[in-house]
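Chain by chain, the residues:
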Amino acid sequence: MPFNPMRQHFSAFNDQSDFKGIYLDSGATTQKLQTVIDITNRYYQSSVNVHRSSYKLASDTTQKFEDARRTLQSFINAKDHREIVWTKGATESINLLAACLPRSLLQKGKNIVISTLEHHANIVPWQILAEQYGLTLKVMPINDNGVLLLEEAVALIDEHTVLVAIGHVSNALGNINPIKSIITKAKTVGALTLIDGTQAVSHMAVDVQDLDCDFYVFSGHKMFGPTGVGVFYGKLPLLENMPPYQVGGEMIKKVSFKGSEFLGPPLKFEAGTPNIAGVLGLAAAANFIKSNRDTIVKQELALSRYLQQSLASLTGIKIWGDPQHKIATFSFTVNGVNHYDLASYLNIQNISVRVGHHCAMPLMEALGVDGTIRVSISCYNTEHELTNFIEALKSGICLFTNNSDSVFKNKISEEKAVDRPGELALAISQAKSWDEKYRHIMLAGKSFPRLPKEQLKEDLEIFGCESQVWLKCELIDSTLYIQGDSPSKVVRGLLAIIFEYLRGKRPNEVLDFDLNTHLKSIGLDRYLSNSRANGIEAVLDRIFDFCKEYSNTQN
Ligand code: PMP
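### Thoughts on the pattern of salt bridges
Taken as a whole and assessed by the stated rule, the structure comprises 13 salt bridges. Residue Glu-391 is joined to Lys-394 by a salt bridge in which the shortest nitrogen-to-oxygen separation is 3.5 Å. Linking Glu-391 with Lys-394, this pair stays in helix α13 (residues 383-401), spanning three residues, or about one helical turn. Residue classification places Lys-394 among the partly exposed positions, given a relative accessible area of 35%. A salt bridge links Asp-485 to Arg-450; its shortest N-O distance comes to 2.6 Å. In this pair, Asp-485 is assigned in strand β18 (residues 479-485) and Arg-450 in the loop between α16 (434-446) and β16 (461-462), connecting sequence segments 35 residues apart.

Structural data, given as structure tokens:
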């Protein structure tokens, strides 16, 4: 395997790391640079506050903290260091703007324009603001593949537009949006522009002066930096005219009981003790990216090309988004195979990918899917990792489509699921390997009785899982009768495990059920530790609520 020199900068890939396997989820968060870890550690080894005390260590730390602001200024080529405001991350940055946008702009009949591709963080704050002030929320459309329709998009921006808020790069699909054309159009009508650069900054050089956007936001943790720190960039004259975001220490010029005066930007927006370690770490990350930009871009491009070709050669695969203008993120679905099933299979092979709606539910709805698998690559990945991923993906597709060279040597199609009460738990607990346990879950999922299609409605749906799940609880002769459904075979298999145990029990007996103990008793606890993500916990909550309601009526 050719050596990737980028890897040595990340402790996640050294031999002592807990991290084993292939990490293809850098869109969710990147691995952290060793320099970032060192700098944050060093700060905590001798902590002082900033902008307060004048003794040496405090003033040195304040200096470093403000130098970090200048580093980030240079990172996005902002005109003035006061245009860099520290926040917790992109979500807080967007909420800051929603809270501080001058209210005089928010008049009834005006509009805010976003796009179908937005992350929830760049939808919900504008939705709420529009509702509160009687503005219309307009949504730029996309084509069938999930690419922004530029002509229709710019046509939505009119003389009533107050703000255009759009992602630089789609987190769900990886498309690079044509933000320059959008910003140009917004300028012609005097609308403000916010660019959500969260998925852009680690992959491409950003120049806010060249873009000429009014606001630009991003998070440190998606660019090899710490969690809990991010940037809100705004043009200085705009920041000067905005009210503070939160009030308290750090942002004050003078306080008396007659009234208070605030500092100017950026401190005006930074009430309270900031995330000092995070800020110092973020600056280290920005410095690293800046000095390794060419290598990062080259490595990601080579990996992207390789993955694009490998994925395209698989039958039944649909890669969403724009194949030309994209970062190294691939979002796909496979005909006839549930995305959650595939991702859970990859998980067993120690391959970390993201599955589901990627915090972009309206986008998924527009594409007509309930989720995708997202592979997001960073400069530390290798071709060897991608080859292994493709091999595992092929095996997973075979397994779930019952092809003859299935990883379980076609046992799945030959065997029948166990169907006597208690047999499933027994079979799983006696299975000698995880592969065998998994096979029983799959078989149970395959033969699981489905709910009629007309019952798969919102009232039975359980939200918060990576796959869709529906649940129906009834009491028959004072005992629980449960039915459920999911497009995912694995989830149906998991439902079968719980249902087998709970069905026919009285509500007070059901309430004694402890999921972890049960999973442990059948040897699944190690594999299904994150029961929140795969939805079992949410399913159980619903069952418990049902039983509690019944128990209350009995008391
Ligand atoms: N916008 C985009 C495009 C994102 O990808 C994310 C994170 N997935 C966010 C906003 C929110 O970022 P954070 O959770 O770091 O605040």
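Moving on from the model shown.
### Description of the site of the ligand
Contacts to the ligand come from Ala-90, Thr-91, His-119, Ala-121, Asn-171, Asp-196, Thr-198, Gln-199, Ser-219, His-221 and Lys-222. Here an oxygen atom of the ligand and a side-chain polar atom of Gln-199 are 2.7 Å apart. His-221 has a polar side-chain atom sitting 2.7 Å from an oxygen atom of the ligand. For the ligand, the accessible surface in isolation is 400 Å², of which the surrounding protein chains cover 85%.

### Concerning the sheet that holds strand β12 (residues 329-334)
Either a parallel or an antiparallel arrangement is found when strands of a sheet pair, and the pairing is made through backbone hydrogen bonds. The sheet built from four strands is open, its strands ordered β11-β12-β15-β14 with antiparallel pairing. Sheet topology places β11 (317-320) and β14 (354-356) at the edges, where each strand pairs with a single neighbour. Averaged over neighbouring strand pairs, the angle between their axes works out to 30° when direction is ignored. With four bridges connecting them, β11 and β12 associate as antiparallel partners. In the strand pairing of β12, Ile-317 is matched with Val-334.

### Things to note about the packing of aromatic side chains
The final tally for this structure, using the stated rule, is 16 aromatic pairs. Note on Phe-75 and Phe-218: the rings are 6.3 Å apart at their centroids and 55° apart in plane angle, and the pair reads as tilted. One end of the pair, Phe-75, is in helix α2 (residues 56-75); the other, Phe-218, is in strand β7 (residues 215-219), and 143 residues separate them in sequence. An identical accessibility class is assigned to Phe-75 and Phe-218; each is buried. Centroid distance Tyr-345 to Tyr-438: 6.3 Å. Interplanar angle 40°. Geometry classified as tilted. Remark: Tyr-438 occurs in helix α16 and Tyr-345 occurs in helix α11 (residues 339-348); sequence separation between them is 93 residues.

### Comments concerning the confidence of the model for the protein chain
Residues of the protein chain with pLDDT of at least 70 account for 94%, and the chain-wide mean is 92. Ignoring residues within four places in sequence, the model shows residues 403-414, a span with pLDDT below 50, making 22 contacts including any to other chains.

### Remarks on the packing of helix α17 (residues 489-502) against helix α20 (residues 536-554)
The N-to-C vectors of α17 and α20 enclose an angle of 30°; their axes lie 11 Å apart at closest approach. As for how α17 packs across α20, the hand of that crossing is right-handed. Together, Leu-494, Leu-495, Ile-498, Phe-499 and Leu-502 of α17 and Ile-536, Val-539, Leu-540 and Ile-543 of α20 make up the contact between the two elements. Its residues placed into classes, the contact of α17 with α20 shows nine nonpolar, no polar and no charged.

### Some words on the sheet that holds strand β17 (residues 469-476)
Spatial ordering of the open sheet is given by β16-β17-β18, a layout of three strands whose pairing is antiparallel. Where the open sheet ends on each side, the last strands, each with one partner, are β16 and β18. Bridge analysis of β17 against β18 gives seven bridges, and the strand direction is antiparallel. From the neighbouring strand, Cys-473 faces β18, where its bridge partner is Ile-482. In the packing of α17 onto the sheet, the strands contacted are β17 and β18, and the crossing angle to β18 comes to about 175°.

Definitions and limits used
Residues numbered from 1 in each chain as written. Predicted model: local features only at pLDDT ≥ 70, side-chain atom pairs only at ≥ 80, totals over all residues. Heavy atoms only, no water. Salt bridge = Lys/Arg side-chain N within 4 Å of Asp/Glu carboxyl O. Helix = DSSP H or I, 4+ residues; strand = E, 2+ residues; numbered from the N terminus. Buried < 20%, exposed > 50% of the residue type's maximum accessible area, 1.4 Å probe, protein only. Near = heavy atom within 4 Å. Polar contact = N/O pair within 3.5 Å; in protein donor to acceptor, adjacent residues only side chain to side chain. Areas by Shrake-Rupley, 256 points an atom, 1.4 Å probe, with all protein chains shown as cover. Pairing = 2+ DSSP bridges. Axes fitted to C-alpha atoms, helices over the stretch in contact; angles between N-to-C directions. Phe/Tyr/Trp six-rings, centres within 6.5 Å; stacked < 30°, edge-to-face > 60°. pLDDT = per-residue confidence, 0-100. Contact = heavy atoms within 4.5 Å. Left-handed = near helix turned anticlockwise from the far one by under 90°. Nonpolar A, V, L, I, M, F, W, Y, C, P; charged D, E, K, R; others polar.

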